[in-house]
Amino acid sequence: MKPNTLKVSMVQMQVTDQVEVNVAKAIELIREAAKSDPDVIVLPENFHLMGTKEQFFEKAETIDGPTITRLRELAREIGTYIVAGTMKLRDPGSEKLRNTCCVLDPDGEIQDVYDKIHTFNAQVGDRQFSGSQVEAAGNDIVVTKIKGVSVGLSVCFDIRFPEMFRILALKGAKVILVPAIFMLHTGKDHWEVLLRARAIENQLYMVAPATHGKFPPNGDWSYGRSMAVDPWGIVIAQSSDRDDVITVDLDLDLVEEVRRKVPSLSQRRPEVYDWQQAHKQEE
């Protein structure tokens, strides 16, 4: 392996409305991933639970609850970063939950936390999803460090908001993680396109572990197809439709090479990007 490389394992799994089943499966797949000696293992969005609004509130934990505590122990045991996809966490200051991504370092410490900024409110097929009824949106754009590499944090629906990804790139991200539970209806047309677009625009790696298969409470299908995309927009790894672990070496020198060949980031003209004026025109 080249010295300037980040080795990433993506966990793809089917999620049920049984917390114990989901957490046991996540731990099993993390242990499977650890056999490849990755630098970081990333779980998908909502790995902890999918269910009704009532189930989310009933089974939500705090950040010092049993699931994150168990994953902290596991990170310490295997000596590897674990990015705990997302799970719904209780926020003492809010009636709603947070859809939270926790970055655990190899010592089992909580290094960083990202609360999903864009809650999923959309009509998909004949189904209306109203994530904001359950989740309070986060407000902080987060870049963490994994083995010295600047890694941006995002979640699923965030991928439709390119402004956020540009800011992550400008904050130094060379890799952006996108744990997701992407719908089949939109996934077949948008998943790969959006991941490749964000990679090309920002000239960095996109790493997106996802759930697959049917999920509660209505038997909707999630798209799966966890994938990694390089800074040129090429899909370099992709999972098939099953519980899976895919591990990929990210050549970080390629980020600098692409940015040198097509220096679009350095040719930005922020002085003419008047967001406030554009917003006024919309009004």
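Refer to the preceding data block for the structure.
Residues numbered from 1 in each chain as written. Predicted model: local features only at pLDDT ≥ 70, side-chain atom pairs only at ≥ 80, totals over all residues. Heavy atoms only, no water.

What follows is about the overall build of the chain. On a plain count of helices and strands, the chain comes out with seven helices and 17 strands. On C-alpha atoms alone, the chain measures out to a radius of gyration of 18 Å, which is about the 19 Å that the 2.2 N^0.38 rule sets for 283 residues. Taken along the three principal axes of its C-alpha coordinates, the chain extends 50 × 50 × 35 Å. Here the chain holds 283 residues, and the buried ones make up 52% of them. In the chain, the share of contacts with a sequence separation of at least 24, taken over all contacts with a separation of at least 6, comes to 68%. Working note: accessible area of the chain is about 12900 Å², and carbon and sulfur atoms make up 48% of it. With 34 positive and 42 negative side-chain charges, the chain shows a spacing of 3 Å between the two charge centroids. (Helix = DSSP H or I, 4+ residues; strand = E, 2+ residues; numbered from the N terminus. Rg over C-alpha atoms; globule rule 2.2 N^0.38 Å. Buried < 20%, exposed > 50% of the residue type's maximum accessible area, 1.4 Å probe, protein only. Contact = heavy atoms within 4.5 Å. Areas by Shrake-Rupley, 256 points an atom, 1.4 Å probe, with all protein chains shown as cover. Lys, Arg positive; Asp, Glu negative; His and termini not counted. Charge placed at Lys NZ, Arg CZ, Asp CG, Glu CD.)

The tally for this structure, following the rule as stated, stands at three aromatic pairs. Between Phe120 and Phe157 the ring centres are 5.1 Å apart and the planes differ by 70 degrees, which places this aromatic pair in the edge-to-face class. Placement of Phe120 in the loop between β6 (110–115) and β7 (121–124) and of Phe157 in the loop between β10 (149–153) and α4 (162–170) is noted, with a sequence separation of 37 residues between them. Seen from their ring centres, Phe157 and Phe161 are 5.5 Å apart, and the 80 degrees between their planes marks the pair as edge-to-face. The exposure class assigned to Phe157 is buried, which follows from its relative accessible area of 12%. Through a chain of ring-to-ring contacts, three or more aromatic side chains come together here, namely Phe120, Phe157 and Phe161. The ring centre of Phe56 lies 4.4 Å from the NZ or CZ of Lys88, which sits over that ring. (Phe/Tyr/Trp six-rings, centres within 6.5 Å; stacked < 30°, edge-to-face > 60°. Lys NZ or Arg CZ within 6 Å of the ring centre and 35° of its normal.)

On to the layout of surface pockets, then. In this structure, the second largest pocket encloses a volume near 340 Å³. Considering the residues around the second largest pocket, the lining is formed by 16 residues, among which Pro162, Glu163, Arg166, Ile167 and Trp275 are closest to the centre. Where the lining of the second largest pocket is concerned, the elements lending two or more residues are α4 and α5 (184–202). The element that contributes the greatest number of residues to the lining of the second largest pocket is α4, accounting for six residues. (1 Å grid on protein atoms, 1.4 Å probe; cavity = no way out; pocket = protein on both sides within 12 Å on 5 of 7 lines; lining within 4 Å. Points joined across faces, edges and corners; volume = space filled by probe spheres on them.)

We now examine the nonpolar core. Leu6, Val175, Trp191, Leu195 and Met206 are the most contacted members of the largest nonpolar core, which totals 50 residues. Setting aside its immediate chain neighbours within four residues, Met206 contacts Ile159, Phe165, Ile176, Val178, Leu195, Arg198, Ala199, Met227, Ala228 and Val229. Counting residues in each nonpolar core, the second largest holds 34 residues, with Val23, Ala26, Ile41 and Val124 among its members. (Core = buried A, V, L, I, M, F, W, Y, C linked by side-chain atoms within 4.5 Å.)

Once that is clear, we can look at the environment of Val178. With respect to the element layout, Val178 can be found in the loop between β11 (175–177) and α5. A relative accessible area of 0% means that Val178 is categorised as buried. Each C-alpha atom, one on Val178 and one on Ile117, is 12 Å from the other, the two residues being 61 residues apart in sequence. Those residues within four positions of Val178 in sequence are excluded, and the remaining contacts are Ser154, Val155, Cys156, Phe165, Trp191, Leu195, Met206, Val207, Ala208 and Pro209.

Scanning all chains against the criterion turns up one cavity of 30 Å³ or more. Quantified by volume, the largest cavity comes out at close to 30 Å³. What lines the largest cavity is simply Asn46, His48, Leu49, Phe56, Met87 and Lys88. Broken down by class, the residue content of the lining of the largest cavity amounts to three nonpolar, two polar and one charged. (Nonpolar A, V, L, I, M, F, W, Y, C, P; charged D, E, K, R; others polar.)

In the sheet, strand β13 (residues 212–215) pairs with strand β14 (residues 220–223) via four bridges, with the strands oriented antiparallel. What sits directly across from Phe215, in β14, is Asp220. From the end of β13 to the start of β14, which pair antiparallel, there are four residues, and Gly219 there has a positive phi angle of about 70 degrees. (Pairing = 2+ DSSP bridges.)

Bringing unusual backbone geometry into the picture now. Omega for the bond connecting Pro216 with Pro217 falls within 30 degrees of zero, at 5 degrees, which places this linkage in the cis form. Within the secondary structure, Pro217 is located in the loop between β13 and β14. Here Asn46, not a glycine, exhibits a phi torsion of approximately 55 degrees, which is positive. With respect to the helices, strands and loops of the structure, Asn46 is situated in the loop between β2 (40–42) and α2 (53–59). Owing to a relative accessible area of 5%, Asn46 belongs among the buried residues under this scheme. Phi angles above zero are rare outside glycine, and Lys147 is one such case at about 50 degrees. As for its placement among the helices and strands, Lys147 is situated in the loop between β9 (143–146) and β10.

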